[in-house]
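Survey of secondary and tertiary structure
Read off the chains here:
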2 protein chains.
Amino acid sequence: MFFADGLNCSIFDREVFQEVIDGGLNCITVSLGFWEDALESMDALGRFRDVVQENEDLVAIAHNEEDINKIVASERCALIVGYQNTTALNGNIRFVELFADMGVRVLQLTYNNQNEYGGSCYEPADSGISRAGVELVSELNRCGILIDLSHVGQRTGLDVIEASEMPVAVTHANPDGFVPHVRNKSDDLIRALAEKGGVIGLATYPNICDGFAETPEKWSELVAYTVDLVGINHVGIGTDHSRNIKMSHLEWMRQGRWSRVTNYGAGSASRPGKIAEPDWLTTMRGFGLIADALQSRGMTEEETASIMGGNWLRLYSQVFN
Amino acid sequence: MFFADGLNCSIFDREVFQEVIDGGLNCITVSLGFWEDALESMDALGRFRDVVQENEDLVAIAHNEEDINKIVASERCALIVGYQNTTALNGNIRFVELFADMGVRVLQLTYNNQNEYGGSCYEPADSGISRAGVELVSELNRCGILIDLSHVGQRTGLDVIEASEMPVAVTHANPDGFVPHVRNKSDDLIRALAEKGGVIGLATYPNICDGFAETPEKWSELVAYTVDLVGINHVGIGTDHSRNIKMSHLEWMRQGRWSRVTNYGAGSASRPGKIAEPDWLTTMRGFGLIADALQSRGMTEEETASIMGGNWLRLYSQVFN
């Protein structure tokens with residue numbers, strides 16, 4: 001069974017790559033940035049390539065379906081490069097093609113703040129997609145980069161789904177109809193995403209699971225709800241797992257350079273620190289427990305395979321070029 | 001009488017500085033950027049300082065009221081440094097203080113596009129001020145930088161006026177109630193601006209004057225309308241004059257690097273090029289004709305002085321520190 005994690009924001013080293021391999025993962029989309037500009041994003045990519053090179057017996061970077069298949073055939077894990085923001089572009093429409101050349105395959109339109117392309121789920125109001133956002137969506141489509149709406153505002157998200165010629169993704173969020181949270185996605189948005197062929201990757205990140213991440217069995221209820229909503233072909237997993245992420249990384253994610261005051265993202269003043277991963281997923285070694293839980297609730301092997309990674313593989317092969 | 005132009009986006013050389021002096025101007029706020037990032041904005045400032053240095057017999061850069069008074073006493077024109085966007089900050093809240101140290105005194109929150117701080121008048125929808133925008137407004141207040149709302153969206157503009165502890169400006173726009181145009185400002189916004197002690201600089205830029213820039217007399221009707229609306233103490237002049245601006249500069253202003261398609265700003269497909277300045281203001285030598293026109297319609301010398309520059313001087317002395 002092909003296992004894929006649609007969004008993993010760990011800081012990778014040999015130990016974490018080994019955990020990923022032990023967990024049976026065949027493909028992982030990584031997050032190399034949150035607020036970094038073009039040069040900082042290139043530096044992060046360069047450094048990531050070094051770490052991958054040092055561990056080439058375990059992992060390799062993939063740019064398309066053929067790469068993924070080759071890497072999986074060699075019993076390694078395929079890594080897809082993504083950023084959780086569009087700051088890497090420095091506002092330059094021509095940088096989309098250049099970052100695509102460098103191997104970037106997933107970009108989130110906005111992270112926690114509004115930007116020149118659209119609104120974020122954490123802002124008090126959402127403008128919807130901007131004029132620059134409309135042009136960016138076309139360019140991302142043309143360059144084979146998957147658009148991620150996970151932290152994007154509701155109105156902007158719906159606009160992007162409509163504007164995009166290619167299917168888009170929510171790589172790591174849960175249905176707001178099941179777990180109400182500003183970071184989760186409305187049933188309407190998930191339906192619109194699915195109608196255009198997209199995939200939502202459900203997250204195990206406890207702050208947006210409201211207790212449902214406690215066991216694989218409880219977490220599988222999130223899957224069941226979402227499959228009921230949009231069918232088996234549009235649901236995947238995007239753990240938002242964050243191995244090696246320290247408080248200083250969290251502060252960077254939450255405040256970047258735009259703010260001097262404390263922001264909590266999906267945390268809160270009462271739990272400002274890094275929340276523990278679920279007991280069964282302290283490392284990616286536990287990933288396969290999700291497949292067991294899905295089959296225990298009656299899913300067929302084929303259905304389980306779609307959720308565990310098949311849907312991501314289909315979407316990636318459709319969007320990457 | 002103290003003459004000030006609250007916004008002038010000419011490219012300055014000795015000839016243009018001489019025109020400014022001949023026109024009796026004592027103070028001009030210049031535009032050193034539209035889409036430039038931090039380093040590009042610093043480069044533009046460094047180059048501008050060179051040009052000012054080469055013409056130190058005519059002009060000097062002012063940072064506060066004392067500087068302005070000294071420069072005027074030496075019969076030169078005081079230059080206030082501004083940018084028409086916040087891209088110079090590279091999204092970094094700490095850069096506000098650093099650019100203030102470098103002498104920047106006027107920043108427009110957004111140019112023609114939405115950004116991380118708020119909405120623009122040219123976007124299909126305006127989110128209002130963002131969380132980063134609220135923090136930026138406080139920091140601009142603290143650092144003595146005047147906030148300019150000229151190209152900012154209506155909702156964001158109202159939010160900024162409310163959020164700002166210091167008076168703010170519309171440096172170059174006209175009342176939408178008199179000349180309907182997306183770039184012009186609603187009566188409501190102009191009233192709110194004035195109630196907080198701000199100033200609107202009325203523009204002679206023909207694309208947002210609907211014929212009223214044809215003669216100084218016709219243009220003075222714009223002044224009369226605005227004075228009727230908010231009183232004599234909140235109206236100034238911000239010509240938006242653009243000597244030496246070529247089609248390539250216009251394209252940069254309109255498209256920056258965010259778009260590959262033609263955008264027209266306040267122009268249109270039917271008049272895509274640079275519109276001619278009014279016959280009476282082909283150079284800044286004609287600036288004093290406005291004072292004559294205001295007095296011809298019955299304004300006192302004191303009232304005329306407020307419009308011609310006194311209100312800018314009061315606002316600058318209040319905000320710059």
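Since this is a predicted model, take the numbers as computed values, not measurements.

Check the secondary structure of chain A and you find eleven helices and nine strands. In summary, chain A has a C-alpha radius of gyration of 18 Å against a globular reference of 20 Å for 321 residues, a match within 12%. Seen through its principal axes, chain A has C-alpha atoms that stretch 45 × 40 × 40 Å. Expressed as a percentage of the 321 residues in chain A, the buried residues total 62%. A sequence separation of at least 24 residues applies to 71% of the contacts in chain A between residues at least 6 apart. Carbon and sulfur atoms make up 49% of the accessible area of chain A, which totals about 11,500 Å². Taken together, the 25 basic and 45 acidic charged side chains of chain A have centroids lying 4 Å from each other.

Here we come to the pattern of salt bridges. All chains considered together, the criterion is met by 28 salt bridges over all chains. Among the salt bridges present, the one from Asp 188 of chain A reaches Arg 191 of chain A, with a minimum N-O distance of 3.2 Å. Here the residue Asp 188 of chain A and the residue Arg 191 of chain A both occupy positions in helix 7 (residues 187-195), the gap between them amounting to three residues, near one helical turn. Residues Asp 22 of chain B and Arg 285 of chain B are paired through a salt bridge, measuring 2.8 Å at the closest nitrogen-oxygen approach. Here the residue Asp 22 of chain B occupies a position in helix 1 (residues 14-22), and Arg 285 of chain B occupies one in the loop between helix 9 (247-255) and helix 10 (289-296), the gap between them amounting to 263 residues. Each member of the salt-bridge network shares a partner with another, and the members are Glu 97, Glu 139 and Arg 142 of chain A together with Arg 260 of chain B.

All names here are of chain A. Summarising the element assignment, Leu 315 is placed in helix 11 (residues 301-319). Residue Leu 315 is classed as buried on the basis of its relative accessible area of 0%. Considered as a pair, Leu 315 and Pro 167 are 148 residues apart in the sequence and their alpha carbons are 7.5 Å apart. Not counting residues within four places of it along the chain, the set of residues in contact with Leu 315 comprises Leu 146, Pro 167, Val 168, Ala 169, Gly 197, Gly 198 and Val 199.

With that settled, the discussion passes to the pairing of strand 2 (residues 27-31) of chain A. Residues and elements named next belong to chain A. The buried fraction of strand 2 is high, at five of five residues. Here strand 2 shows no split at all, with Cys 27, Thr 29 and Ser 31 on one side and Ile 28 and Val 30 on the other all buried. Pairing of strand 1 (residues 4-8) with strand 2 involves three bridges; the strand directions are parallel. Its bridge partner lying in strand 2, Asp 5 is registered against Ile 28. Note on the crossover from strand 1 through helix 1 (residues 14-22) to strand 2: the handedness is right-handed. In the sheet, strand 2 pairs with strand 4 (residues 77-83) via five bridges, with the strands oriented parallel. Note on strand 4: the bridge partner recorded for Ile 28 is Leu 79.

What follows concerns the relation of the copies chain B and chain A. Overlaying chain B with chain A gives an RMSD of 0.0 Å, the required rotation being 180 degrees about an axis along which the chain moves by 0.0 Å. Such a combination of rotation and displacement between the chain copies is what one expects of a two-fold axis. Mapped onto chain A, 97% of the interface residues of chain B are again interface residues, and the two copies thus contact each other with one and the same surface.

Here the focus is the packing of aromatic side chains. Each aromatic ring pair is summarised here by two numbers: the centre-to-centre distance and the angle between the ring planes. All names here are of chain B. Under the definition given, this model contains 22 aromatic pairs over all chains. Taken together, a centroid distance of 5.5 Å and an interplanar angle of 80 degrees make the contact between Trp 35 and Tyr 111 edge-to-face. In this pair, Trp 35 sits in the loop between strand 2 (27-31) and helix 2 (38-54) while Tyr 111 sits in the loop between strand 5 (104-108) and helix 5 (131-142), placing the two residues 76 residues apart along the sequence. Tyr 111 shares its class with Trp 35; the two are buried. With a centroid separation of 5.1 Å and an interplanar angle of 40 degrees, the aromatic rings of Phe 178 and Tyr 225 are classed as tilted. A residue pair is termed long-range when its members are at least 10 positions apart, and Phe 178 in the loop between strand 7 (169-170) and helix 7 (187-195) and Tyr 225 in helix 8 (residues 216-230) qualify at 47 residues. Judged by relative accessible area, Phe 178 falls into the partly exposed class, the value being 25%.

The rules behind these values
Residues numbered from 1 in each chain as written. Chains lettered and ligands numbered in written order. Predicted model: local features only at pLDDT ≥ 70, side-chain atom pairs only at ≥ 80, totals over all residues. Heavy atoms only, no water. Helix = DSSP H or I, 4+ residues; strand = E, 2+ residues; numbered from the N terminus. Rg over C-alpha atoms; globule rule 2.2 N^0.38 Å. Buried < 20%, exposed > 50% of the residue type's maximum accessible area, 1.4 Å probe, protein only. Contact = heavy atoms within 4.5 Å. Areas by Shrake-Rupley, 256 points an atom, 1.4 Å probe, with all protein chains shown as cover. Lys, Arg positive; Asp, Glu negative; His and termini not counted. Charge placed at Lys NZ, Arg CZ, Asp CG, Glu CD. Salt bridge = Lys/Arg side-chain N within 4 Å of Asp/Glu carboxyl O. Pairing = 2+ DSSP bridges. Right-handed = clockwise from strand over helix to strand, strands pointing away. Least-squares fit on C-alpha atoms with pLDDT ≥ 70 in both. Phe/Tyr/Trp six-rings, centres within 6.5 Å; stacked < 30°, edge-to-face > 60°.

Structural measurements only, silent on function.
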